[in-house]
Amino acid sequence: MVVFLIIYSCSLSLPTSPAPIFFLLLSVSSLFPFLLILPWQASSQQLKFTTSDSCDRIKDEFQFLQAQYHSLKLECDKLASEKSEMQRHYIMYYEMSYGLNIEMHKQAEIVKRLNGICAQVLPYLSQEQQLQAHQLSQLQGLALPMTPLPLGLSQPALPAVTTSSGLFSLSSILASQAQLAKEEKASRDGADSHRDDDGDKAYSFHVAADGQMQPVPFPPDALLGPGIPRHARQIHTLNHGEVVCAVTISTSTRQVYTGGKGCVKVWDISQPGSKSPMAQLDCLNRDNYIRSCKILPDGRTLIVGGEASTLSIWDLATPTPRIKAELTSSAPACYALAISPDNKVCFSCCSDGNIVVWDLHNQTLVRQFQGHTDGASCIDISNDGTKLWTGGLDNTVRCWDLREGRQLQQHDFTSQIFSLGYCPTGEWLAVGMESSNVEVLHVSKPDKYQLHLHESCVLSLKFASCGKWFVSTGKDNLLNAWRTPYGASIFQSKESSSVLSCDVSPDDKYIVTGSGDKKATVYEVVY
């Protein structure tokens, strides 16, 4: 401080020329070198200090932002986990509510039918019994009509078994009672035993070798993973003009073939927009329905069977498709067809119960498998071509050894078999029944699954090529997609009429169905 005062006082007494001041500063700096800081040196040191401070501040801000990023990332991961959990719960609750809805409709139908039977039986009871029944119905909240007999008239006799007049014959009443007793027992068993952990009705059950049924707890990835579709989107409606009993889709997925009354129509689905058939193949007689049609993988040959004793083999490679051969059997109708993996042999399910084996190259009958005591309704073949599976109206599913030409297995059911499919990649066989159940059997073990989403008979069934899922259709207008083998419901589509037939494209990207409202529907499978 003293030095600065000396310099300041000297500067007041010296002339304004800068030279003396400069020499004075040099003298002071020689005496006190640490006190002399030139202006440009001070500015440089101050700038250096400011840059370092800014870098530190930027570093602190970066670390703070990085900490915030990690915190937000953890929050996002937590929200994603919660979203997955909520989706799983949503699917579970949806399945529960659907099962409860089905159960409620079943119970309402049972009550309605019981009321009807009671109303029919009451007139044949005595006055005292009618009064007791009326009092009991009032206690239980039922509306049973009182139908007392007019005074002076005797008790009416039960109608004879042979008569066909009247609203109810004795046989029909007894049959209805037996059926209702069966339904009541099944319903009671379902209400008492077949509940899942949350107390709600399930639709998929595992059936053990001893017949015990337990609801299936689906694994977490039941509806997830590669190859499992999310839903199916309708992309084309093909107005065939008659009830469509048979459908198939080509390997190239460009053409769909729909079989109706007396003809098969060919459709190009490769382009969007309204559709009209590319060609019409007149088969069988004009008034007979096509029941099955199969196209060979090369897309050059189509085989058609139906309500006639002949199978038609069509050459599709010519500019105009033509019949190149007809195969005639002794049966009046063919219900289903299957082609061997090497495309050399055709199998036809006949209405007389026989399975006819045809040599496609020579167009000759090779052999017949006999065993079904009623019509053989459905068929599928294993991927290695060694086993054939057939279902029949005699309530049986049979397995045939194609190398030895004999029956290997027989599975007996309490309902007629309308459809079946063999899993391409596993040891599972899915069976669709007249009773509305779908059963998935293990071909070498007693284990099986029973699925209860259809409300009426299951008319067609088809596995995807990947084997991870399959579809079934029914008289209840439903297309159901199931997870193999335990039957978790993947998606469901409701059509406007009974869905009689279905097929899945070889690449698992399309589903085509044929229905009773004279059209076929093409769906795109969305993954």
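The chain is annotated in an unreviewed UniProt entry as Groucho/TLE N-terminal Q-rich domain-containing protein of Gadus morhua. For the record of the chain, the UniProt heading Subcellular location (unreviewed entry) holds the text "Nucleus".

A. Region of interest: empty space enclosed by the protein. By the definition in use, this model includes 1 cavity of 30 Å³ or more. Quantified by volume, the largest cavity comes out at close to 50 Å³. Lining the largest cavity are Ala308, Ser309, Thr310, Leu311, Ser329, Ala333, Cys334, Ser348, Cys350 and Trp358. Breaking the lining of the largest cavity down by element, the ones donating at least two residues are strand E10 (310-315) and strand E13 (345-350).

B. Molecular detail of the confidence of the model for the chain. Scored by pLDDT, the chain has a mean of 81; 78% of the residues are at 70 or more. Predicted confidence is poor over residues 180-185, with pLDDT under 50, and the contacts of this stretch with residues over four places away or in other chains come to 8 contacts.

C. Molecular detail of the sheet that holds strand E3 (residues 231-239). The antiparallel open sheet is built from 4 strands, whose spatial order is E3-E30-E29-E28. Each edge of the open sheet is held by one strand with a lone partner, namely E3 and strand E28 (499-504). Direction aside, the axes of adjacent strands within the sheet are offset by 25° on average. Across 5 bridges, the pairing between E28 and strand E29 (residues 510-515) is antiparallel. Of the residues in E29, the one forming a bridge with Cys502 is Thr513.

D. Local environment of the nonpolar core. Among the nonpolar cores identified, the biggest contains 21 residues, and Val438, Val440, Tyr449, Leu451, Phe470 and Trp482 are the most heavily contacted of them. Contributions of two or more residues to this core are made by helix H3 (39-121), strand E21 (428-433), strand E22 (438-442), strand E23 (448-451), strand E24 (458-463) and strand E26 (478-483). Among the elements that take part in this core, E24 stands out by supplying 3 residues, more than any other.

E. The UniProt feature "coiled-coil region" (unreviewed entry) in the chain, seen in detail. The positions UniProt marks with the feature "coiled-coil region" (unreviewed entry) are residues 55-82. For the annotated span residues 55-82, helix accounts for 100% and strand for 0% of the residues, and the straight-line distance between the end C-alpha atoms is 40 Å.

F. Structural view of the packing of aromatic side chains. Per the counting criterion, the structure on display carries 7 aromatic pairs. Note on Tyr203 and Phe218: the rings are 5.9 Å apart at their centroids and 45° apart in plane angle, and the pair reads as tilted. Note that Tyr203 is positioned in the loop between helix H5 (170-192) and strand E1 (204-207) and Phe218 in the loop between strand E2 (213-215) and E3, a separation of 15 residues in sequence. Overall, Tyr203 belongs to the buried group, its relative accessible area being 5%.

Conventions and cut-offs
Residues numbered from 1 in each chain as written. Predicted model: local features only at pLDDT ≥ 70, side-chain atom pairs only at ≥ 80, totals over all residues. Heavy atoms only, no water. UniProt positions renumbered as here; feature names shortened; annotations may be inferred. 1 Å grid on protein atoms, 1.4 Å probe; cavity = no way out; pocket = protein on both sides within 12 Å on 5 of 7 lines; lining within 4 Å. Points joined across faces, edges and corners; volume = space filled by probe spheres on them. Helix = DSSP H or I, 4+ residues; strand = E, 2+ residues; numbered from the N terminus. pLDDT = per-residue confidence, 0-100. Contact = heavy atoms within 4.5 Å. Pairing = 2+ DSSP bridges. Axes fitted to C-alpha atoms, helices over the stretch in contact; angles between N-to-C directions. Core = buried A, V, L, I, M, F, W, Y, C linked by side-chain atoms within 4.5 Å. Buried < 20%, exposed > 50% of the residue type's maximum accessible area, 1.4 Å probe, protein only. Phe/Tyr/Trp six-rings, centres within 6.5 Å; stacked < 30°, edge-to-face > 60°.

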